[in-house]
Amino acid sequence: MSFSNQIKEDISALAARHCCVCHQHKGNNLEVHHIEAKAQGGEDTLENAILLCFDCHADAGHYFAGHPKGLKLSPSALKKHKNSWLEIVKENKINIPVLQDVSLSFSHNERTRLNPVFIRKTTIYKDIKELRKIDYKSILKDLPPTPLQVQFLDPKVDSFEDFINFINGEHIKKLNFQNPFENNSQPVHHSMDMYFGSTKSSNESICLINLILRNNGLKVLEDFKVYLKFENVVCADTVNKNTSYIDFEKYDYNVIFNNKTDAVFIPDYKVLVQKDFIELDQICFRTEENVNEIKITWHLLARDYDQKESFNLKIHSTIVDEEDVKYVESPEDYEPEIIILDKVN
Ligand SMILES: [Zn+2]
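Residues numbered from 1 in each chain as written. Predicted model: local features only at pLDDT ≥ 70, side-chain atom pairs only at ≥ 80, totals over all residues. Heavy atoms only, no water.

As recorded in an unreviewed UniProt entry, the chain goes by HNH endonuclease and comes from Flammeovirga yaeyamensis.

In structure tokens:
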């Protein structure tokens, strides 16, 4: 035999569905326990029943009088816990201490960016005939001197065909430029230029966030790490700390991405005292241009504690329209092409 449903309901109501030992409100994670074990002659009565959470139940279950190690929950200790908690409930003085509570929040500062800018480039096709009317040789003569970098592209324009290719940007396509921002989420790219040294280009299509982990509970957090998962992003990463192309420093990162969306935050110092906070390295991520919300799920694992939560971040993207004209023999055979590009400065 075990406790009747009547007794289970009664003890549950008397204890207001809180654990009688640790006073935590545990919802469904509660059990009715025998104060005096059945093997010791304990009965299935309300008198002998106590409501416990799974953790405290485990502690009570491990009690052996012959092995009084630590402060185990003996039947008489359980009885005292029960009586004092039922008294607190009766007097309506329930005040549950928050032992463990951690928050991972988003901090808004000048290094934050949640308003990515994208370029929507529409290629429209026009008839080559329109160009035939133009005296292209005189146009080229009147062009301002090309910058050093462009001279290297060497667009030799000796014929009308060359001129068309030049206008259509074929000479640039032939050079096979690699977009350094393709398939990654870094906001800045450093490169080497033979005239200007290390140069920097920044990508406005990338979002940047700073996250802060705070210990709001009454206990010290030890040996912790936080797993992070980004949803609704194309890819995410820790922002590269190198400041130029020739910066050969090996920087340490406390956030490490295992793939495009999953990371782990491992702090340098594995203790976080009450009320203190710790900053995660800055994270960058790329979204599709039409995304207006992303989700971050975090799972903190610490010694004797874990907590899993998620939150959403609003994204406000801007799309700038640009037009690209290409001249072809029969424009009626072509549909306008639309592509989304990064806005790079
Ligand atoms: Zn408990």
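Next comes the rest of the write-up.
**With respect to the overall build of the chain**
Secondary structure summary: the chain contains eight helices and 19 strands in total. For the chain, the proportion of its 345 residues judged to be buried stands at 36%. Taking contacts inside the chain between residues at least 6 apart in sequence as the whole, the part at least 24 apart equals 73%. (Helix = DSSP H or I, 4+ residues; strand = E, 2+ residues; numbered from the N terminus. Buried < 20%, exposed > 50% of the residue type's maximum accessible area, 1.4 Å probe, protein only. Contact = heavy atoms within 4.5 Å.)

**A closer look at the packing of aromatic side chains**
Under the defined criterion, the tally for this structure stands at three aromatic pairs. Note on F230 and F285: the rings are 6.2 Å apart at their centroids and 40° apart in plane angle, and the pair reads as tilted. Remark: F285 occurs in strand β15 (residues 283-286) and F230 occurs in strand β9 (residues 225-231); sequence separation between them is 55 residues. Relative accessible area serves as the criterion here: at 0%, F285 is assigned to the buried category. Feature note: the residues F230, F257 and F285 constitute an aromatic cluster, connected by ring pairs. The ring of Y253 carries the charged tip of K241 above its face, separated from the ring centre by 4.8 Å. (Phe/Tyr/Trp six-rings, centres within 6.5 Å; stacked < 30°, edge-to-face > 60°. Lys NZ or Arg CZ within 6 Å of the ring centre and 35° of its normal.)

**Considerations on the environment of V117**
Take V117: it is sitting in strand β4 (residues 117-127). Distance in space between the C-alpha atoms of V117 and C207 is 9.5 Å, their sequence separation being 90 residues. Setting aside chain neighbours within four positions, we find V117 in contact with E204, S205, T318, V320 and K343.

**Description of the pairing of strand β5 (residues 188-193)**
Relative to strand β6 (residues 197-202), β5 runs antiparallel, the two sharing six bridges. Across the sheet, residue S191 finds its bridge partner in β6, namely T199. (Pairing = 2+ DSSP bridges.)

**Focus: the nonpolar core**
In this structure, I209, L213, L228, F230, F285, I294 and L300 are the most contacted members of the largest nonpolar core, which totals 33 residues. Listing elements by their share of this core, those giving two or more residues are β3 (102-107), β7 (206-215), β9, β11 (255-257), β12 (262-265), β15, β16 (293-302) and β17 (305-314). Element by element, the count of residues in this core is highest for β16, at five residues. In contact with F230, other than residues within four places in its own chain, are I209, A236, F257, T261, I283, F285, I294, K295 and I296. Formed by 18 residues, the second largest nonpolar core is a distinct cluster that contains I11, C19, V21 and I35. (Core = buried A, V, L, I, M, F, W, Y, C linked by side-chain atoms within 4.5 Å.)

**Remarks on the coordination of the zinc ion**
Surrounding the zinc ion are the protein donor atoms C19 (SG), C22 (SG), C53 (SG) and C56 (SG), which sit 2.2 to 2.4 Å from the metal. Relative to the metal, the four donor atoms surrounding the zinc ion lie at angles of 103 to 115°, and the coordination shape comes out tetrahedral. (Donors = N, O, S within 2.8 Å, 3.2 Å for Na, K, Ca; no water. Tetrahedral: all angles 85-135°; square planar, octahedral: opposite > 155°, others 65-115°.)

**Notes on the pairing of β16**
Here β9 pairs with β16 via seven bridges, running antiparallel. Residue pairing across strands places K229 opposite T297, the latter belonging to β16. Note that β16 and β17 share ten bridges and pair antiparallel. Its bridge partner lying in β17, H299 is registered against K308. Counting the residues between successive antiparallel strands, the hairpin from β16 to β17 contains two residues, one of them, D304, with a positive phi of roughly 60°.

**Concerning the sheet that holds β4**
In spatial order, the strands read β18-β4-β19; together these three strands make up an open sheet with mixed pairing. Here the strands that pair on one side only, and so sit at the sheet edges, are β18 (318-328) and β19 (337-342). Pairs of neighbouring strands in the sheet enclose a mean axial angle of 25°, with direction left out of account. Where β4 lies against β19, six bridges are found, and the strand directions are antiparallel. Each residue of the ladder has a partner; that of R120, found in β19, is I340. (Axes fitted to C-alpha atoms, helices over the stretch in contact; angles between N-to-C directions.)

**Some remarks on helix α2 (residues 54-61)**
Residues C56, H57 and A60 constitute the buried set of α2. Seen end-on, α2 carries its buried residues on one side only, within an arc spanning 105°. Buried residues along α2 sit against β1 (30-34), β2 (49-53) and α3 (75-90). (Arc of directions from axis to C-beta.)

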